[in-house]
Structure formats: structure tokens, C-alpha cells
Amino acid sequence: MKVLIRQALITDPSSPFHSQRADILIDRGKISDIAASVKADADQVVQAHDLAVSPGWVDIFSHFGDPGSEFAETIETGAAAAAAGGYTQVMVLPNTQPVMHSKSMVEYIRQKQPSAPVDIFPAAAITTNTEGKELAEMYDMDASGALAFTDGLNPLQSAGVMLKALQYVKAIGKTIIQLPDDRSIQPHGLMHEGVLSTQLGLAGKPSIAEELMIMRDIDLLRYTGSRLHITGISTARSLELVKAAKNEGLQITCSVTPYHLYFTDEDLSRYDSNLKVNPPLRTAKDRDALRQGVLDGSIDCIASHHLPRHTDDKVIEFEHAKNGMISLQTSFSAVIKAIPTLTTERIIELFAIAPRNIFGLPPTTIKKGENACLTVFSLNSHWTFSGQVNRSRSGNSPFMNTSFTARPIGIINKGGLFLTP
């Protein structure tokens with residue numbers, strides 16, 4: 001199969017064609033030609049206004065629910081949503097049924113991914129059943145293809161277990177991913193604790209529940225000399241803690257969700273359960289600090305935190321609704337809408353380059369003879385996210401029927417072209 005991309009701005013600092021607009025010919029999964037104008041017959045031609053192309057994007061925190069929650073998402077529907085969102089690689093969480101805490105479960109995910117348009121990598125459980133008590137079979141899961149270790153939606157509460165986990169992954173060269181939430185502090189909190197939570201009559205979750213966890217884990221990281229990634233940071237103080245740890249020379253990185261860059265706790269005034277997430281949406285001051293962290297490089301990458309939920313878990317009283325939203329298809333567009341001043345180079349660092357560097361994925365570059373692992377996108381293309389174009393099995397998104405001005409056009413991966421709907 002031959003694919004010809006017409007007049008795309010190449011955004012890849014490692015490519016000799018970086019910042020140049022050119023035609024790119026892909027033949028049987030390899031880049032066979034790049035030039036100002038390529039004359040060749042192609043099975044498919046990709047062209048659009050203000051087209052750009054970069055190394056394929058990577059998401060590091062998605063929940064596909066397979067096995068056990070296929071009613072909300074399957075490997076197939078999750079992969080379709082990822083491809084439509086411009087992702088070529090996705091790390092999936094271990095919070096399945098049964099939990100991905102064994103070699104056989106990691107192999108189950110790895111065996112299902114060849115048929116998907118995206119590469120799917122397991123982020124395996126740190127502890128048995130993600131209960132936070134005993135370390136799981138981390139060595140065996142690493143040998144079977146686990147890319148990182150996390151208890152996913154169930155952050156490690158025990159300092160002793162976290163210490164052991166950090167020591168263990170240091171020996172095998174992997175990274176621990178932690179969602180910062182001390183569940184002993186207001187475990188029944190429904191939203192950010194503040195003036196608005198009081199006005200709405202909803203139990204609040206204070207910022208300190210997140211910040212104490214980060215402080216603890218930084219202390220453990222300092223003691224072990226291991227590698228830690230904090231995902232879903234939501235407060236200005238959390239970001240300051242991570243920045244200070246980086247300046248100290250610790251091997252720590254962090255990511256932020258698109259929705260923490262876009263929304264604030266004030267958006268919950270209508271009790272929209274699609275905005276019920278963990279960590280919760282914070283204040284405008286926190287959101288603005290996160291936006292600045294994305295701009296100045298102190299936040300390393302974007303993590304979608306794609307979390308599909310069945311209608312019965314969302315179209316319900318706010319206090320009973322489950323946390324999470326689908327976000328793979330809207331991540332890029334929401335980030336650009338939230339921070340329109342982002343440069344193309346910074347976008348690619350956030351979505352493609354930094355995630356690969358953090359988790360040891362092989363680099364990919366845009367030059368002749370290389371395998372084609374590409375994301376094609378436009379920063380000037382209007383579209384609306386709706387049920388008609390949604391590729392997830394679930395529809396729990398606050399962005400439903402929202403219009404955007406930037407969009408992924410498609411991906412080229414595994415020898416195929418997958419265009420967005």
C-alpha cells in the first residue's frame with residue numbers, strides 16, 4: 001500500500017526535514033521519499049489545509065476495560081478511539097477484571113494488540129489486585145512486555161509498599177506511575193474543596209490530599225534513587241513540588257490531563273457528572289498554573305486519562321456517579337483550545353517525544369528509509385465532537401457537541417493509514 005501526504009509541515013527535531021513543508025511517500029509501511037514535490041502513484045492521498053505531520057503520538061494513561069468491562073470499552077473500540085485521536089501508541093491500565101497483575105494478563109493484552117491500528121502497551125499492576133498490599137509478579141510481567149508499573153486508578157497508599165516498588169523497578173529499569181491521591185483525607189470527596197463545593201452542597205476533596213502524596217513519594221524517590229512519574233497533577237502546589245524535585249536532580253516526571261487544562265471547579269455548577277474526575281477539577285488559579293507549566297516545559301507530557309463509563313454510571317445523581325471521562329479523541333483539540341499559544345514544537349514534545357523518552361519507547365523519526373509511525377494533524381481545521389464521530393463504546397464526555405479549531409487528520413502505523421471520522 002502506498003500513501004502520499006501532500007505539502008505537510010514536518011515537525012520532528014530529529015528529522016533533516018524539520019520545519020519544512022514537503023510531500024511524503026510511504027510504501028509498505030516505510031518512508032520511501034520526502035521532497036518538495038513527489039510525483040508517484042499512490043493508493044491514498046492525504047491533503048488538507050495547514051497540514052502537519054509528526055512522529056506518532058503516545059498516550060500513557062488509558063483504561064480500555066478489557067477484560068471485565070467490555071460493556072464500557074474493548075481493546076478494539078479503545079484502539080479505534082485512540083487512532084481517531086491521533087495516537088499511534090497507548091499504555092493501558094491494569095484495573096481490569098481480572099486485574100493485570102500476572103504474566104498471563106500482560107500476554108493477553110499483547111496478543112490482542114497486533115490487530116489494532118495502534119500499538120498497545122500494558123502498564124502492569126504494582127500490587128496483587130491493585131489492593132496496595134503485596135507486590136505483584138513484576139519481574140515476570142516486565143519480561144512479558146509490561147512497559148511501566150502502576151496501580152492505575154488505585155494509587156498506592158502504603159509508603160512501605162511504594163518504597164519496595166521503587167526499589168524493584170530500579171533494578172529492571174522501569175518507571176512507577178502514580179496518581180496522587182491520599183485516600184485517608186476526605187475519601188468521600190466529590191469535587192475540589194472550596195467555596196463552590198460548599199455552595200453546591202457537595203463533599204470536598206482538598207488539594208492537600210494530592211500534595212501530601214506527592215511530597216511523600218518524592219521523599220521515597222530521593223531515598224531509592226529510582227524513577228517516578230506523577231500523572232494527573234491538578235494544583236499549582238503539586239507542580240511546584242515536582243519542579244523542585246527536578247531541580248534537585250531526582251528522576252521524576254509529570255503529566256497533566258487535557259481536562260485539567262480546560263475546566264475548573266466552577267464548571268461543576270450544573271452538576272455535570274461527566275466532569276466528576278479524580279483528581280478533581282481545581283480552581284482557575286490552579287488551571288492557569290498548569291497551563292503555564294505546559295508552556296514552560298515543567299510539565300513533561302499530556303496524559304488523556306481516558307476512562308469510559310456506562311451510561312448507568314454517569315446519567316445518575318452526581319454523588320453516585322463514577323469518576324472519569326472519555327478523552328482520547330478530544331485530547332489534542334482540547335489542549336490546543338485551552339492553550340492556543342502552544343508552538344508546534346512544544347505540541348510534539350508533549351504528545352510524541354517526551355512520552356517515548358520517559359518510558360523507553362524506541363524513537364521514531366521522519367526520514368527516508370524509516371518505518372512510518374506518523375500522526376497527521378491540522379492546527380486550522382474546524383470540527384465538532386459528537387456521538388456520530390465518537391469511536392469509543394462509551395459517551396461520557398463533557399466535550400460532546402463542542403467545536404474545535406484543531407484536529408488530528410489520521411495516523412500511519414503498522415503499514416496502514418487510519419483517517420479520523
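Quick note: structure is the one above.
From a predicted model like this one, the values you see are computed outputs, not experimental measurements.

About the criteria used
- Residues numbered from 1 in each chain as written.
- Predicted model: local features only at pLDDT ≥ 70, side-chain atom pairs only at ≥ 80, totals over all residues.
- Heavy atoms only, no water.
- Phe/Tyr/Trp six-rings, centres within 6.5 Å; stacked < 30°, edge-to-face > 60°.
- Helix = DSSP H or I, 4+ residues; strand = E, 2+ residues; numbered from the N terminus.
- Buried < 20%, exposed > 50% of the residue type's maximum accessible area, 1.4 Å probe, protein only.
- Axes fitted to C-alpha atoms, helices over the stretch in contact; angles between N-to-C directions.
- Parallel < 35°, antiparallel > 145°, perpendicular 65-115°, else oblique.
- Left-handed = near helix turned anticlockwise from the far one by under 90°.
- Contact = heavy atoms within 4.5 Å.
- Nonpolar A, V, L, I, M, F, W, Y, C, P; charged D, E, K, R; others polar.
- Salt bridge = Lys/Arg side-chain N within 4 Å of Asp/Glu carboxyl O.
- Core = buried A, V, L, I, M, F, W, Y, C linked by side-chain atoms within 4.5 Å.
- Pairing = 2+ DSSP bridges.
- 1 Å grid on protein atoms, 1.4 Å probe; cavity = no way out; pocket = protein on both sides within 12 Å on 5 of 7 lines; lining within 4 Å.
- Points joined across faces, edges and corners; volume = space filled by probe spheres on them.
- Expected span 1.5 Å × (residues − 1).
- Disulfide = S-S within 2.5 Å.

*Asks:* Looking at this structure, I do not really get the packing of aromatic side chains. What am I missing?
*Replies:* The geometry of two aromatic rings is summed up by the distance between their centres and the angle between their planes. Counted by the stated rule, this structure contains 14 aromatic pairs. For the pair Tyr-87 and Phe-351, a centre-to-centre distance of 6.4 Å together with 45 degrees between the ring planes defines the contact as tilted. With Tyr-87 in strand β7 (residues 87-92) and Phe-351 in helix α11 (residues 344-359), the pair connects residues that are 264 residues apart, well separated along the chain. For Tyr-87, a relative accessible area of 1% puts it in the buried group. On the basis of relative accessible area, Phe-351 is assigned to the buried category, the value being 0%. Measuring from centroid to centroid gives 5.1 Å for Phe-263 and Phe-399, while their planes differ by 40 degrees, and the two rings are tilted.

*Asks:* Can you walk me through the packing of helix α4 (residues 159-172) against helix α6 (residues 208-224) in this structure?
*Replies:* The relative placement of two packed helices is expressed as an angle between their axes plus a distance between the axes. Where α4 contacts α6, the two axes come as close as 10 Å, and the packing angle between them is 40 degrees. Compared by their axis directions, α4 and α6 come out oblique. Between α4 and α6 the crossing geometry is right-handed. Note on element contacts: α6 touches α4 through Arg-216, Asp-217, Leu-220, Leu-221, Tyr-223 and Thr-224, opposite Ala-159, Met-162, Leu-163, Leu-166, Gln-167 and Lys-170. Residue composition of the contact of α4 with α6, grouped by class: 7 nonpolar, 2 polar and 3 charged.

*Asks:* I would appreciate a short explanation of the pattern of salt bridges in the present structure.
*Replies:* Close approach of charged atoms allows side chains of opposite charge to pair. Under the counting rule described, the total for this entry stands at 17 salt bridges. Asp-27 is the salt-bridge partner of Arg-28, the closest N and O atoms lying 3.5 Å from each other. Owing to a relative accessible area of 19%, Asp-27 belongs among the buried residues under this scheme. Look at the salt bridges and you will find they share partners, linking Asp-66, Glu-76 and Lys-112 into a network.

*Asks:* Sorry, what's going on with the nonpolar core here?
*Replies:* As a rule of thumb, soluble globular proteins bury nonpolar side chains together. One finds Ile-120, Phe-149, Ile-176, Ile-252, Leu-261 and Phe-351 to be the most contacted residues of the largest nonpolar core, which totals 68 residues. Sort the elements by how many residues they give to this core and α4 lands first, with 6 residues. Setting aside its immediate chain neighbours within four residues, Phe-351 contacts Trp-57, Val-58, Tyr-87, Ile-302, Ser-331, Phe-332 and Val-335.

*Asks:* When you look at the pairing of strand β3 (residues 30-35) in this model, what are you seeing that I'm missing?
*Replies:* Regular strands place side chains that alternate from one sheet face to the opposite one. As paired elements, strand β2 (residues 21-27) and β3 share 5 bridges and run antiparallel to each other. Within β3, the position partnered with Leu-25 by the bridge is Asp-33. With antiparallel pairing between neighbouring strands as the criterion, β2 and β3 make up a hairpin whose turn holds 2 residues, including Arg-28 at a positive phi of roughly 50 degrees.

*Asks:* How do you make sense of unusual backbone geometry when you look at a structure like this?
*Replies:* A negative phi angle characterises most non-glycine residues, just as the trans form characterises most peptide bonds. With omega at 10 degrees, the peptide bond leading from Asp-66 into Pro-67 counts as cis. Within the secondary structure layout, Pro-67 lies in the loop between β6 (57-62) and α1 (75-84). Here the amide bond leading from Gln-97 into Pro-98 is cis, since omega sits at 5 degrees, within 30 degrees of zero. For Pro-98, the position within the fold is in the loop between β7 and α2 (103-112). We note that Asp-50 has phi near 55 degrees; this positive angle belongs to a residue other than glycine. Within the secondary structure layout, Asp-50 lies in the loop between β4 (44-46) and β5 (51-55).

*Asks:* I would appreciate a short explanation of empty space enclosed by the protein in the present structure.
*Replies:* Empty space among the atoms becomes apparent when a probe as large as a water molecule is rolled across them. All chains considered together, the criterion is met by 5 cavities of 30 Å³ or more. If you go around the largest cavity, the residues you meet are Ala-84, Gln-329, Trp-383, Arg-407, Pro-408, Thr-420 and Pro-421. Looking at side-chain class alone, the lining of the largest cavity contains 4 nonpolar, 2 polar and 1 charged residues. Together, Ala-81, His-306, Ile-326, Ser-327, Leu-328, Gln-329, Thr-330, Phe-385, Asn-390, Ser-392 and Ser-397 line the second largest cavity. Residue composition of the lining of the second largest cavity, by class: 4 nonpolar, 7 polar and no charged.

*Asks:* So what exactly am I meant to see when it comes to α6 here?
*Replies:* Along an α-helix, residues three or four apart share an orientation, since each turn contains 3.6 residues. The end-to-end C-alpha distance of α6 is 24 Å, a good match for the 24 Å that 17 residues give at a rise of 1.5 Å each. Of all the residues in α6, the buried ones are Ala-209, Glu-210, Glu-211, Met-213, Ile-214, Arg-216, Asp-217, Ile-218, Leu-220, Leu-221 and Thr-224. Taken together, the buried residues of α6 touch α4, β10 (176-178), β12 (204-205), β13 (227-231), α7 (236-247) and β14 (251-256). Backbone geometry just after α6 places Gly-225 at a positive phi near 70 degrees.

*Asks:* Sorry if this is basic, but what is going on with the state of the cysteines here?
*Replies:* The term disulfide refers to a covalent linkage connecting the sulfur atoms of a pair of cysteines. Evaluation of the coordinates by the stated rule reveals 0 disulfides. Unpaired in this structure, Cys-254 has its nearest cysteine sulfur neighbour in Cys-301, at a distance of 7.8 Å. On the basis of relative accessible area, Cys-254 is assigned to the buried category, the value being 0%. Residue classification places Cys-301 among the buried residues on the basis of a relative accessible area of 0%.

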